[in-house]
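Spelled out, the chains give:
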Amino acid sequence: MERTMIAELSQCIDQTVKISGWLQVLRDQKSMQFLILRDRTGLVQVAHWKKGNPELAELISTLGTESALTVTGKVVENPSVKLGGLEIQLETLAVENAAEAPLPFELTGDVLPNVDFRMDWRYLDLRRPEPLLVFKVQTTLEKAAREFWLQNGFMEIHSPKIMGTPSESGAELFELKYFDGKAYLAQSPQFYKQMGMAAGFDRVFEIGPVFRADPSFTSRHMTEFTGLDFEMAWINDHHDVMDMIERWLQYIYQAVKDEHGEAIKELLGVDLVVPSLPFPRIPMLEAIQIVKEMGYDLPEGKTKDLDPGGERTIAQHVKEKFNHDFVFVTDWPITARPFYHMRKPEDPSLTRSFDLLANGLEICTGAQREHRRAMLERQALEMGLTTEPIAYYLDFFRYGCPPHGGMGMGLSRLLMVLLGLPNIREAVYLFRGPNRLNP
Ligand code: ATP
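Let me sum up the structure you'll find in this document. For clarity, every value in this text was computed on a predicted model and none was experimentally measured. (Residues numbered from 1 in each chain as written. Predicted model: local features only at pLDDT ≥ 70, side-chain atom pairs only at ≥ 80, totals over all residues. Heavy atoms only, no water.)

Next up on the list: a nonpolar patch on the surface. A contiguous nonpolar surface patch, about 300 Å² in accessible area, is contributed by Phe117, Trp121 and Tyr123. Of note, Trp121 is situated in the loop between helix H2 (115-120) and helix H3 (122-125). (Patch = residues over 30% accessible without salt bridge, like charges linked within 9 Å, V, L, I, M, F, W, Y side chains within 5 Å. Areas by Shrake-Rupley, 256 points an atom, 1.4 Å probe, with all protein chains shown as cover. Salt bridge = Lys/Arg side-chain N within 4 Å of Asp/Glu carboxyl O. Helix = DSSP H or I, 4+ residues; strand = E, 2+ residues; numbered from the N terminus.)

Turning next to the sheet that holds strand E10 (residues 203-211). The strand order E6-E10-E11-E18-E17-E16-E13-E12 describes an open sheet built from 8 strands, whose pairing is mixed. Of all the strands in the sheet, the pair left with one neighbour each is strand E6 (155-156) and strand E12 (281-283). Examined bridge by bridge, strand E13 (residues 326-330) and strand E16 (residues 353-358) share 5 bridges and lie antiparallel to one another. Across the sheet, Thr330 pairs through a bridge with Phe354, a residue of E16. On top of the sheet, helix H4 (residues 129-151) reaches E6, E10, strand E11 (224-233) and strand E18 (404-410); it is set at about 150 degrees to E10, its chief contact. With respect to the sheet, helix H5 (residues 190-198) is in contact with E10, E11, strand E17 (361-369) and E18, its orientation differing from that of E11 by roughly 25 degrees. (Pairing = 2+ DSSP bridges. Contact = heavy atoms within 4.5 Å. Axes fitted to C-alpha atoms, helices over the stretch in contact; angles between N-to-C directions.)

Take the packing of H4 against helix H6 (residues 238-268) next. At their nearest, the axes of H4 and H6 sit 9 Å apart, and the two run at 155 degrees to each other. It follows that H4 is roughly antiparallel to H6 by the angle criterion. In the packing of H4 onto H6, the handedness of the crossing is right-handed. Classifying every residue of the contact of H4 with H6 gives 18 nonpolar, 3 polar and 5 charged. (Parallel < 35°, antiparallel > 145°, perpendicular 65-115°, else oblique. Left-handed = near helix turned anticlockwise from the far one by under 90°. Nonpolar A, V, L, I, M, F, W, Y, C, P; charged D, E, K, R; others polar.)

Right, let's talk about the layout of surface pockets for a bit. Here the second largest pocket is characterised by a volume of approximately 790 Å³. What lines the second largest pocket is a set of 28 residues, among which Arg38, Arg127, Arg128, Pro129 and Leu132 lie closest to the centre. Sorting the residues of the lining of the second largest pocket by element identifies strand E1 (16-28), strand E2 (32-39), strand E3 (42-49), H4 and H6 as the ones contributing at least two each. The element contributing the most residues to the lining of the second largest pocket is H4, with 7 residues. Considering only residue class, the lining of the second largest pocket consists of 14 nonpolar, 6 polar and 8 charged. (1 Å grid on protein atoms, 1.4 Å probe; cavity = no way out; pocket = protein on both sides within 12 Å on 5 of 7 lines; lining within 4 Å. Points joined across faces, edges and corners; volume = space filled by probe spheres on them.)

Turning to the site of the ligand, a few remarks are in order. Taken together, 14 residues are adjacent to the ligand, and His221, Met222, Glu362, Ile363 and Thr365 come closest. At 2.8 Å from an oxygen atom of the ligand is found a main-chain nitrogen or oxygen belonging to Ile363. Within the side chain of Thr365, one N or O atom sits 2.7 Å away from an oxygen atom of the ligand. Here the ligand, which alone exposes 580 Å², has 79% of that area covered by the protein. Secondary-structure elements contributing two or more residues to the shell around the ligand are E17 and E18. A total of 4 residues in the shell around the ligand trace back to one element, the largest contributor, which is E17. (Near = heavy atom within 4 Å. Polar contact = N/O pair within 3.5 Å; in protein donor to acceptor, adjacent residues only side chain to side chain.)

Going through the model one piece at a time under the given rule, you end up with 1 cavity of 30 Å³ or more. Of the residues that constitute the lining of the largest cavity, the class distribution is 4 nonpolar, 1 polar and 3 charged.

Attention now goes to the pairing of E13. Counted residue by residue, E13 has 5 buried out of 5 residues, so it is predominantly covered. Taking every second residue as pointing to the same face, both faces of E13 are buried, with Phe326, Phe328 and Thr330 on one and Val327 and Val329 on the other. Examined bridge by bridge, E12 and E13 share 3 bridges and lie parallel to one another. By the bridge assignment, Arg281 is partnered in E13 with Phe328. (Buried < 20%, exposed > 50% of the residue type's maximum accessible area, 1.4 Å probe, protein only.)

One open sheet holds the 3 strands; their spatial order is E7-E9-E8, and the pairing between them is antiparallel. The open sheet has two edge strands with one neighbour each: strand E7 (162-163) and strand E8 (175-178). Of the pairings in the sheet, the one linking E8 to strand E9 (residues 181-185) comprises 4 bridges and is antiparallel in character. Each bridged residue has a counterpart across the sheet, and for Tyr178 the counterpart in E9 is Gly181.

See the structure below:
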């Protein structure tokens, strides 16, 4: 017999079905046993009349919650049952894998243990409906992201994650032994995305792992995360990239709302708002002025960019003035940006760059890249880099590279803002941080 998913049971009244799932609750009464079974589509009540099969009744009474079971039985209507007005009359039961008792924590308890403890038992944590929803949303998000990119002429690439030289700077770099020498784990697909532009691919995207040896213990940093990256050629300036990002995000939000809007409201209490276009854009120096005027004190020495508190303050300004959850902070001073960001021709102390903040959280960085080789080399030298290790990168700009730009975004950061999750640990399948390598 084929397995039936619990959500489909209402179409199977009076039929005998096979369902498989986890024992969420066992109510062992005098003459009856009720098992609440859960699969990824829902819950169902299974009823067993003890006298009908005393041996089976005995087995059932020993079952621990969260045991993995397969049962067969007849689906009958029963209006008094809260779970869909139906139940299954148990015929056979197979214990596929009994759960030890007690469980490390009660999955349906009112008070959950802290996130770090739940990370130790992530597979159990993921059995709860809220985390399950996060990953249903992630699946829809990635599908919509790809769909939009494919509709807009982007090609998917997979760039190497083992590199001979760092892609950005020496900081936050994982070094590894590579035969007799050393190599590094990619901090971003940046250089290789740009190679796609030199290769004439016009528009590329990548969804892939990114590694950062970042020793920080915040609610938004991981040492390994999934990056959503794209790069596009023949642009006029960084505004073309921002135009693309906001259309792409609007498409993703709409897809997630269409498919999961109700569940997100019910389980996470978030009323998903599809953002309107265009997103407000504020140059960095103006943003600094605004947060100062709002009475926010930037830390000493912060004159070229915002700290996380400053980011939240500018987001508050944007919410009040434009009623918008997103803001592009643009035109960053050169000292706060990597060497390959293009400088503004009208003011070379600034770059054609931006960060995107969502509810005050940075979710994306982007820019137009410098595609003129001589200029790129000069900027690298000016910022104190030696050009020898990046010679292969500079070579990308020797034989006809179009003007281009792009962005990088953390998948889990986007999930955090979409679903109002307070901690990135809740927005990733398995968290990796300075103190976390298992499971
Ligand atoms: P932050 O200032 O938050 O440390 P960053 O400036 O180092 O981020 P970028 O190098 O610009 O970030 O990376 C692009 C995007 O990748 C970020 O906007 C963010 O969404 C995501 N990201 C960066 N670092 C991390 C991290 N350690 N963990 C999770 N996501 C990250």
